[in-house]
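Below, each chain spelled out in residue letters.
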Amino acid sequence: MKAYEIISWLEKRYPTTSAQEWDNVGFLVGDDRKEVSHIFLALDLTEKVLEEAIQLGADMIITHHPMIFSGIKKINNHTFTGRKILRLIQKDIPYYAMHTNYDVLGMAELSADYLNLRDRTVLSVTEESDTRREGFGRVGKLPHKMSLLECAQYVKKCNHLSDVRFYGDPDMEIETVAICTGSGKSMLKDVLKSGAQVYITGDIDHHTGIDAVAQGIGVIDAGHYGTEYIFAKEMKKILEEAFSGVQISCAKVENPYTVV
């Protein structure tokens, strides 16, 4: 199977037109005429992850976060991005990224699935027609009412995390939650409008956390990695169903930070 055939399938299911204007998704490095027999999936393409893919014999790499976000004037071994581009070309590995288009068309529902949310609606609408609404995040009801502390523990358990942080009264009763994976503080206004009692996301800074509490909602920060590493496992299942003759591997699940 050629890389361009896999890319064509991906872009029918997750159109790049659903990505945000600032994003950089799609086919980023390589030759799409390459014959592909082994796809490697990861959240981020670090140098360590790239070497893992090479050691496994992967001949195509797909990540959630794009390795290249802005323009590059030089490609050489003096920068970590340059080294990765050179390595991909030297090893003849096509590289594809699916970021905010997947956030809207895949990750939002997936994250709600992990928490078994009921009665779901879109948190922040980006696309709307007579028959469908798509966008970032979801708002829904928990399987049963719980305290904010219990909800934080529930998120930690459901997402198999080593730690989460939360802002707010531990005894606050929670039934309706809003969730947006990755860095979701820019959607706080949508959360406040949604009627959710707690917001689950990542990358919450001090002021955003205390300001949210002042406006009557709790916040659970499960981390950028903690809310999005689920991408690789889910895409593995989807690609195995679509391409039975192609081997699919995932990067090792390894939190990028250490709690002491």
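This is a predicted model, so every value here is computed, not measured.

Calculation criteria
Chains are numbered independently. Their residues run from 1 in the order of the written sequence. The predicted nature of this model means local features are confined to residues of pLDDT at least 70 and side-chain atom pairs, given and counted, to a pLDDT of 80 or more, with totals for whole chains, interfaces and linings taken over all residues. Derived side-chain values reflect all non-hydrogen atoms in the structure, with water molecules and hydrogen atoms excluded from consideration. Only runs of H or I of at least four residues qualify as helices and only runs of E of at least two qualify as strands under DSSP, and these elements are numbered from the N terminus. Note on classification: 1.4 Å probe, protein chains only; a residue is buried when its accessible area is under 20% of the maximum for its type, exposed when over 50%, partly exposed between these limits. Residues are treated as being in contact if the distance between any of their heavy atoms lies within 4.5 Å. Only the protein chains shown count as cover for residues, and all accessible areas are computed by the Shrake-Rupley method using a 1.4 Å probe. We count Lys and Arg on the positive side and Asp and Glu on the negative side, and we leave His and both chain ends out. A charged residue contributes its charge at one atom only: NZ of Lys, CZ of Arg, CG of Asp or CD of Glu. Strands qualify as paired when DSSP identifies two bridges or more between them. Helix axes are fitted to C-alpha atoms over the stretch in contact, other axes to C-alpha atoms as well, and angles between N-to-C directions run from 0 to 180 degrees. In this description, the arc belongs to the directions extending from the helix axis to the C-beta atoms. Any residue with an atom within 4 Å of a point lines the site, the site being either a cavity, points on a 1 Å grid over the protein atoms alone where a 1.4 Å probe fits but cannot get out, or a pocket, an open set with protein on both sides within 12 Å along at least 5 of 7 lines. Grid points are joined across faces, edges and corners, and a volume is the space filled by probe spheres set on the points.

Student: Can you help me understand the overall build of the protein chain in this one?
Tutor: Along its length, the protein chain carries nine helices and 11 strands. Along the first, second and third principal axes, the C-alpha atoms of the protein chain reach 55 × 50 × 35 Å. Looking at the protein chain as a whole, 50% of its 260 residues are labelled buried. Put simply, of all contacts in the protein chain between residues at least 6 apart along the chain, 65% involve residues at least 24 apart. Only carbon and sulfur atoms are counted for the fraction: they give 49% of the accessible area of the protein chain, which is about 13,000 Å². For the protein chain, the distance from the average position of its 29 positive side-chain charges to the average position of its 37 negative side-chain charges is 3 Å.

Student: Explanation requested: the sheet that holds strand S8 (residues 173–183) in the structure shown.
Tutor: The strands that make up a sheet pair up through hydrogen bonds in the backbone, lying either parallel or antiparallel. If you walk across this open sheet you meet the six strands as S5-S6-S8-S9-S10-S7, and the pairing is mixed. The open sheet has two free edges, formed respectively by strand S5 (118–128) and strand S7 (165–167), since each of these has just one partner strand. The average angle at which neighbouring strand axes cross in this sheet is 25 degrees, direction not considered. With four bridges joining them, strand S9 (residues 198–202) and strand S10 (residues 218–221) adopt parallel strand pairing. Paired with Ile200 across the bridge in S10 is Ile220. Of the strands in this sheet, S5, strand S6 (133–147) and S8 are in contact with helix H4 (residues 100–114), which crosses S6 at around 15 degrees. Contacts from helix H5 (residues 148–158) reach S6, S7, S8, S9 and S10, with the element oriented near 120 degrees to S6.

Student: Sorry if this is basic, but what is going on with helix H3 (residues 80–90) here?
Tutor: Along an α-helix, a turn takes 3.6 residues, which lines up residues three or four apart on a common side. All buried positions along H3 are accounted for by Thr81, Gly82, Lys84, Ile85 and Leu88. The buried residues of H3 all sit within an arc of 165 degrees when viewed along its axis, so they share a single face. Summarising the geometry of H3, the exposed residues directed more than 90 degrees from the buried face are Phe80 and Gln90. Buried residues along H3 sit against strand S1 (26–29), helix H2 (47–55), strand S3 (60–63) and strand S4 (95–97).

Student: What is the right way to read unusual backbone geometry from this model?
Tutor: For residues other than glycine, phi is negative in most cases, and the peptide bonds are mostly trans. Non-glycine residue Asp119 carries a positive phi angle of around 50 degrees. By relative accessible area, Asp119 is classed as exposed at 56%. Although it is not a glycine, Asp203 sits at a positive phi angle of roughly 60 degrees. Position of Asp203 relative to the elements: it lies in the loop between S9 and helix H7 (206–214). In this structure Asp203 comes out as partly exposed when scored by relative accessible area, which is 37%.

Student: I tried to follow the layout of surface pockets on my own but got confused; where do I start?
Tutor: If a probe the size of a water molecule is rolled over the atoms, the empty space left behind becomes visible. Put simply, the largest pocket is a space of about 870 Å³. Taken together, 41 residues line the largest pocket, and the ones lying closest to its centre are Leu43, Asp44, His65, Tyr225 and Glu228. At the level of secondary structure, the elements contributing two or more residues to the lining of the largest pocket comprise H2, H4, S5, S8, helix H8 (224–228) and helix H9 (230–242).

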